[in-house]
Amino acid sequence: MEAFSFLIFSLPFLFLFSPSLCTNSEGNALHALRSKLSDPTNVLQSWDPTLVNPCTWFHVTCDSNNHVIRLDLGNSNISGSLGPELGQLEHLQYLELYRNEIGGKIPKELSNLKNLVSMDLYDNKFEGEIPKSFAKLNSLRFLRLNNNKLSGSIPRELTTLKDLKVFDVSNNDLCGTIPVDGPFSTFPMESYENNRLNGPELKGLVPYDFGC
């Protein structure tokens, strides 16, 4: 009985001091991002992984429940790459990484950001294809990928994003044809210029990836 009483008494302290229970997954995800980036001007200096959560870090905005909802690192003179850990920021609404020197592929895990409203990755050095899995981002309204080194065709899966208002992939190395379904019927041709695209899709006449 005494052993049982000691266990009950000890449980609150176990919860208090157990590292696994105090770990903040969003803070871990951002710390993993920092480890992949070169930061010559120390804009990430406040990103202290020993804190309970990342809500006091510069360039990070949280909601009232201490969930990360904005990441504002545009024009920050950072380089490196993005990792799959960013997909753990499940409450993120704004991912602003424009005008940096970030390269490599865009992680398909970003499609896990189901609350994302805006993804601004323009003016970087991203390469590879636009992930088809971005079609899962049903809240997305702004997707700016212009001025990178992206290749391949524009995924037709993105035509299901009914709330998409802005889509800019100009100044890349994309090929194939331009979608005409869903919101793509409203985007101006300037959104596609300076690629290897063959103009709007002609349904039933040529495959959408014609010329790739």
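Residues numbered from 1 in each chain as written. Predicted model: local features only at pLDDT ≥ 70, side-chain atom pairs only at ≥ 80, totals over all residues. Heavy atoms only, no water.

Digging into the overall build of the protein chain
So, step 1. Along the backbone of the protein chain there are three helices and 13 strands.
So, step 2. Taken across its 212 residues, the protein chain has 43% of its residues classed as buried.
So, step 3. Pairs at least 24 apart in sequence give 46% of the contacts found in the protein chain among residues at least 6 apart.
So, step 4. For the protein chain, the accessible surface area stands at approximately 11200 Å², while carbon and sulfur atoms represent 54% of it. (Helix = DSSP H or I, 4+ residues; strand = E, 2+ residues; numbered from the N terminus. Buried < 20%, exposed > 50% of the residue type's maximum accessible area, 1.4 Å probe, protein only. Contact = heavy atoms within 4.5 Å. Areas by Shrake-Rupley, 256 points an atom, 1.4 Å probe, with all protein chains shown as cover.)

A short note on the packing of aromatic side chains
So, step 1. Across all of its chains, the model carries six aromatic pairs by this definition.
So, step 2. Measuring from centroid to centroid gives 4.9 Å for F167 and F184, while their planes differ by 65°, and the two rings are edge-to-face. With F167 in strand β11 (residues 166-168) and F184 in the loop between β12 (173-178) and β13 (196-200), the pair connects residues that are 17 residues apart, well separated along the chain.
So, step 3. Classification of F167 by relative accessible area gives buried; the value is 1%.
So, step 4. One aromatic cluster is present, built from ring pairs that chain together F167, F184, F187 and Y192.
So, step 5. One cation-aromatic arrangement involves R70 over Y94; the distance from NZ or CZ to the ring centre is 4.4 Å. (Phe/Tyr/Trp six-rings, centres within 6.5 Å; stacked < 30°, edge-to-face > 60°. Lys NZ or Arg CZ within 6 Å of the ring centre and 35° of its normal.)

A short note on helix α3 (residues 25-35)
So, step 1. Regarding α3, the residues found buried are E26, G27, A29, L30, A32 and L33.
So, step 2. If you follow the buried residues of α3, they end up packed against β1 (37-38), β2 (60-62), β3 (68-72) and β4 (79-81).
So, step 3. Capping the start of α3 is the job of one residue whose side-chain oxygen sits 3.1 Å from the backbone nitrogen of E26: N24. (Polar contact = N/O pair within 3.5 Å; in protein donor to acceptor, adjacent residues only side chain to side chain.)

Comments concerning the state of the cysteines
So, step 1. For the structure shown, the criterion picks out two disulfides.
So, step 2. A sulfur-sulfur distance of 2.2 Å marks the disulfide that ties C55 to C62. Between C55 and C62 the disulfide shows an S-S torsion of about -95°. By sign, it is left-handed.
So, step 3. On the basis of relative accessible area, C62 is assigned to the buried category, the value being 18%.
So, step 4. A sulfur-sulfur separation of 2.0 Å characterises the disulfide bridge that pairs C175 with C212. An S-S torsion of about 110° defines the bridge between C175 and C212 as right-handed. Taken together, the positions of C175 in strand β12 and C212 in the segment after β13 put the pair 37 residues apart, joining distant regions of the chain. (Disulfide = S-S within 2.5 Å.)

In short, the description is geometric, and any link to function would need to be established separately.
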